[in-house]
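# Observations on chain architecture
These are the residues of each chain, in order.
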Amino acid sequence: MNSVAVIGLGYTGLPLAREACRAGMRVTGIDENPSVTASLNSGHSHVPDVTDADLTAMLDAGFRASVDESPLAEASVAVICVPTPLDGAGRPDLSHVRRAASGLGDRLKPGTLVVLESTSFPASAADFFRHLCDRVVEAGSARGAELAKLLENTYRNVNIAAERRRRHVPRPRSWTPGRRAANR
Ligand SMILES: NC(=O)c1ccc[n+]([C@@H]2O[C@H](COP(=O)([O-])OP(=O)(O)OC[C@H]3O[C@@H](n4cnc5c(N)ncnc54)[C@H](O)[C@@H]3O)[C@@H](O)[C@H]2O)c1
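Residues numbered from 1 in each chain as written. Predicted model: local features only at pLDDT ≥ 70, side-chain atom pairs only at ≥ 80, totals over all residues. Heavy atoms only, no water.

### A look at a nonpolar patch on the surface
On the surface, Leu147, Leu150, Leu151 and Tyr155 cluster together into a nonpolar patch covering about 450 Å² of accessible area. Residue placement: Leu147 occurs in helix α6 (residues 142-167). (Patch = residues over 30% accessible without salt bridge, like charges linked within 9 Å, V, L, I, M, F, W, Y side chains within 5 Å. Areas by Shrake-Rupley, 256 points an atom, 1.4 Å probe, with all protein chains shown as cover. Salt bridge = Lys/Arg side-chain N within 4 Å of Asp/Glu carboxyl O. Helix = DSSP H or I, 4+ residues; strand = E, 2+ residues; numbered from the N terminus.)

Below, the structure is given as structure tokens:
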């Protein structure tokens, strides 16, 4: 069975962990905030997209949240979902990604697939992970992978805008993922 480690259990990571549980994978969530992990392990979700009933089903399927990064050593897939709020200059602050990549690098086993969901600059993913991974698969280059992600985000934003228009919901003042995280 594939074992998945999701690093960062917020608006992106927790729904992803739920879907991995639903797909029958063994899932561990890592979050540096002990109140987040304690709350999740006691069955209380802080993310609106994941209900307490969803979380109970996840816990029944073996999901556990942890501040301890040692389960990363067992993961066959590691997905980084830590925040990238905007810094004072309006650029994504990648310090959380840097910390998560460093914790992962200390424990990564050969063959583990690493996925960066956190928003980052073009080419920055390669800088973080070049020293961790001996091979990058699927995409022709990190730039290609990042462009694919950019396209995916563009489609999602267009779909959200279309749905808001259909429902006559006013557009928020700022709505890029980075700003969303920074404003939260
Ligand atoms: N790729 C995509 O399609 C997509 C979609 C939406 C959001 N995002 C991006 O995903 C990232 C996460 O967004 P979010 O809204 O889930 O953030 P969030 O603030 O809701 O949650 C992040 C969680 O990560 C934890 N965390 C921070 N640093 C950590 C570390 N070093 N180790 C372990 N846990 C850590 C925090 O305690 C928090 O619980 C952002 O960069 C966002 O832009 C990507």
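### A few points about α6
Relative to the 38 Å expected for 26 residues at 1.5 Å per residue, α6 spans 37 Å between its end C-alpha atoms, a close match to the ideal helical length. For α6, every residue scored as buried is listed here: Glu146, Asn153 and Asn157. (Expected span 1.5 Å × (residues − 1). Buried < 20%, exposed > 50% of the residue type's maximum accessible area, 1.4 Å probe, protein only.)

### Here we look at the nonpolar core
Counting 20 residues, the largest nonpolar core has Val6, Leu9, Leu14, Val27, Leu40, Met58 and Phe63 as its most contacted members. Where this core is concerned, the elements lending two or more residues are β1 (3-7), α1 (13-22), α2 (34-41), α3 (52-60) and β4 (77-80). Here this core takes four residues from α1, the largest share from any one element. Those residues in contact with Met58, other than ones at most four positions away along the chain, are Leu14, Ala17, Arg18, Cys21, Val50 and Phe63. Counting 18 residues, the second largest nonpolar core, distinct from the first, contains Leu72, Ala101, Leu104 and Phe128. (Core = buried A, V, L, I, M, F, W, Y, C linked by side-chain atoms within 4.5 Å. Contact = heavy atoms within 4.5 Å.)

### Some thoughts on the site of the ligand
Not every one of the 27 residues close to the ligand is listed here, only the nearest: Thr12, Asp31, Thr84, Glu117 and Thr119. Between an oxygen atom of the ligand and a main-chain N or O atom of Tyr11, the distance comes to 3.0 Å. When isolated, the ligand has an accessible area of 870 Å², and the protein chains bury 89% of it. Every element with two or more residues in the shell around the ligand is listed here: α4 (95-105), α6 and α7 (177-183). The element contributing the most residues to the shell around the ligand is α6, with four residues. The two domains that each donate at least three residues to the shell around the ligand are domain 1 (3-138) and domain 2 (144-183). (Near = heavy atom within 4 Å. Polar contact = N/O pair within 3.5 Å; in protein donor to acceptor, adjacent residues only side chain to side chain. Domains from an automatic or database assignment.)

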